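Listed here are the chains, written in short residue letters.
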Amino acid sequence: MDRLITKGAEGVVLSWSVGLWKKSVVKALLGPWRLGVVPTRGCVGVLSWGYKRGHFLASKLAGWTGLPLIYVEEGFIRSTTAVEAPCSIVLDSRCPHYDCTQRSELDDLIERDLTKEEAGRARRLVQLWRETGVSKYNEMPTGGEWGLPEGRYCVIVEQVEGDASLTTNGVGAECFERMLRVATARWPGLRIVVKRHPLSLKSREWGVDGDCPTRCVGTDLGANLSGVVEVGGEVRISTLLSSGRCEACLCATSQVGFEALMHGVPVYCFAPSFYSHRGLTHDEVPAPVVRAAASLEQLVYACLIAYGRYWHPEKGCRVEVEEFVAYQGEKLKQQRDAQERAQPT
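Residues numbered from 1 in each chain as written. Predicted model: local features only at pLDDT ≥ 70, side-chain atom pairs only at ≥ 80, totals over all residues. Heavy atoms only, no water.

Draft legend 1. Representation of the overall build of the protein within the structure. Scanning the protein from terminus to terminus reveals 13 helices and 13 strands. Classification of the 345 residues of the protein by burial places 54% in the buried group. Pairs at least 24 residues apart make up 64% of the contacts formed inside the protein by residues separated by at least 6 positions. As displayed, the protein offers around 15,600 Å² of accessible surface, 52% of which is attributable to carbon and sulfur atoms. (Helix = DSSP H or I, 4+ residues; strand = E, 2+ residues; numbered from the N terminus. Buried < 20%, exposed > 50% of the residue type's maximum accessible area, 1.4 Å probe, protein only. Contact = heavy atoms within 4.5 Å. Areas by Shrake-Rupley, 256 points an atom, 1.4 Å probe, with all protein chains shown as cover.)

Draft legend 2. Representation of the sheet that holds strand β9 (residues 246-251) within the structure. A sheet is described by the order of its strands in space; here 6 strands give the open sequence β8-β7-β6-β9-β10-β11, paired in parallel fashion. Unpaired on one side and paired on the other, β8 (228-231) and β11 (282-283) mark the two borders of the sheet. Across 4 bridges, the pairing between strand β6 (residues 153-157) and β9 is parallel. Bridge pairing in β9 links Y153 to C246. Here helix α7 (residues 173-186) sits on the sheet in contact with β6, β7 (191-195), β8, β9 and β10 (267-269), set at roughly 175° to β6. (Pairing = 2+ DSSP bridges. Axes fitted to C-alpha atoms, helices over the stretch in contact; angles between N-to-C directions.)

Draft legend 3. Local environment of the sheet that holds strand β2 (residues 33-36). The strand order across the open sheet built from 7 strands is β2-β1-β3-β4-β5-β12-β13, with neighbouring strands paired in mixed fashion. The outermost strands of the open sheet, each flanked by one partner alone, are β2 and β13 (317-319). Between one strand and the next, the sheet's axes are offset by a mean angle of 35°, whatever the strand orientation. Both strand β12 (residues 308-312) and β13 contribute to a ladder of 3 bridges, which runs antiparallel. Paired with W311 across the bridge in β13 is R318. Packing of helix α3 (residues 55-65) onto the sheet brings it into contact with β1 (11-14), β3 (43-49) and β4 (69-74), and relative to β3 it is tilted by some 165°.

Draft legend 4. A look at the pairing of β12. Across the 5 residues that make up β12, a large majority, 5, are buried. Residues G308, Y310 and H312 point to one face of β12 and R309 and W311 to the other, with burial holding for every one of them. Of the strand pairs in this sheet, strand β5 (residues 88-92) and β12 are connected by 3 bridges, and their pairing is antiparallel. Bridge pairing in β12 places V90 opposite G308. Linking two consecutive strands that pair antiparallel, namely β12 and β13, is a turn of 4 residues; a positive phi of about 70° is found at G316 within it.

Draft legend 5. Up close: the pairing of β6. Across the 5 residues of β6, 5 count as buried, placing the element largely inside the fold. Taking every second residue as pointing to the same face, both faces of β6 are buried, with Y153, V155 and V157 on one and C154 and I156 on the other. With 5 bridges connecting them, β6 and β7 associate as parallel partners. Bridged to C154 within β7 is I192.

Draft legend 6. Spotlight on the pattern of salt bridges. Counted under the stated rule, the structure contains 19 salt bridges. A salt bridge links E247 to R152; the nearest nitrogen and oxygen atoms lie 2.3 Å apart. In this pair, E247 sits in strand β9 while R152 sits in the loop between α5 (116-132) and β6, placing the two residues 95 residues apart along the sequence. Close ionic contact of E284 with R186 constitutes a salt bridge, the shortest N to O distance being 3.0 Å. Of this pair, E284 sits in the loop between β11 and α12 (296-306) while R186 sits in helix α7, and the two are 98 residues apart along the sequence. Taking the relative accessible area as the measure of exposure, E284 reaches 22% and is therefore partly exposed. Among the charged side chains, a network of salt bridges with common partners joins R94, R103, D107, D108, E111, R278 and R291. (Salt bridge = Lys/Arg side-chain N within 4 Å of Asp/Glu carboxyl O.)

Draft legend 7. View of the side chain of S79. With respect to the helices, strands and loops of the structure, S79 is situated in the loop between β4 and β5. Take S79: its relative accessible area is 0%, and that puts it in the buried class. Reaching out from S79, the side chain makes a polar contact with the side chain of R78 at a distance of 2.8 Å. Apart from the residues lying within four places of it in its own chain, the contact partners of S79 are E84, A85, P86, C87, K136, Y137, N138 and Q328. (Polar contact = N/O pair within 3.5 Å; in protein donor to acceptor, adjacent residues only side chain to side chain.)

Draft legend 8. Fine view of the nonpolar core. In this structure, F258, Y275, C303 and L304 are the most contacted members of the largest nonpolar core, which totals 51 residues. Per element, the largest residue contribution to this core is 8 residues, and it comes from α12. Grouped together as the second largest cluster of nonpolar side chains are 21 residues, A183, L190, L250 and F270 included. (Core = buried A, V, L, I, M, F, W, Y, C linked by side-chain atoms within 4.5 Å.)

Right, dumping it as structure tokens:
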């Protein structure tokens, strides 16, 4: 289902971003559109990679040509590793989907009524997601997974400092500090697991909460927080969410909250996100814009089926989300099998 594109609406989308021109997958997933530099009669819009640095230039180009801005972002199933080029994208002609100060096209898609067939497809996709263990990033830890916390626990999700979904929605470090306080007060008998972001581990960037859990443990506020543990790349987020022992997932704007919903884990949102304020999450802050309630099937169908576009690296072509999920799941299985064979007997 292609939005923004009517049947046979081929054309050119302008971009003066060197980074976008270098992303071959983005160019391949633009559908009947193709990237261009010079405004011509066939131009349909100006491409902007979210609100990143090139957005200012894209906005100027859109104003000069009178063409609408079209926002491109990484898809919800990005790639195998966190440092390789994305294999999926999303497009929106209003704003990036993470900008909750206004309504995106994704909002309309989520609130659209589904047919019986569409709802069934969404349910099957959720089941496939669980069975394959996929996530936004799909890399197995070196040496296999280890260190899964014992007993029941709740998860606090770290995000990388400067993430556009945080800055756009005015989310700062105090949000993550509040998560920790709420978690220790609301679930006093549970272990609190702070899940580090894959990019902060890869690039050694600190997340927004920085050393917040460690600092809180050493202050009067967190004097009794001995049950707080940090988990890095040794355990994948899908493993934490699917263990059957995760009581809650606390997040700001992270996609992990969406994934937790698919795993049946209660989600507590401390900032607005594309999946919050729809009757599916426990929202700790008010909604910045009016939203209608939606089912999990509506959310999944909109985000993964109607909104996302996927590129199969081995086939070299665009595929449906189910095939892409199966591909990433198979890559995970191959990594696990290779690690098991490498272990000494």
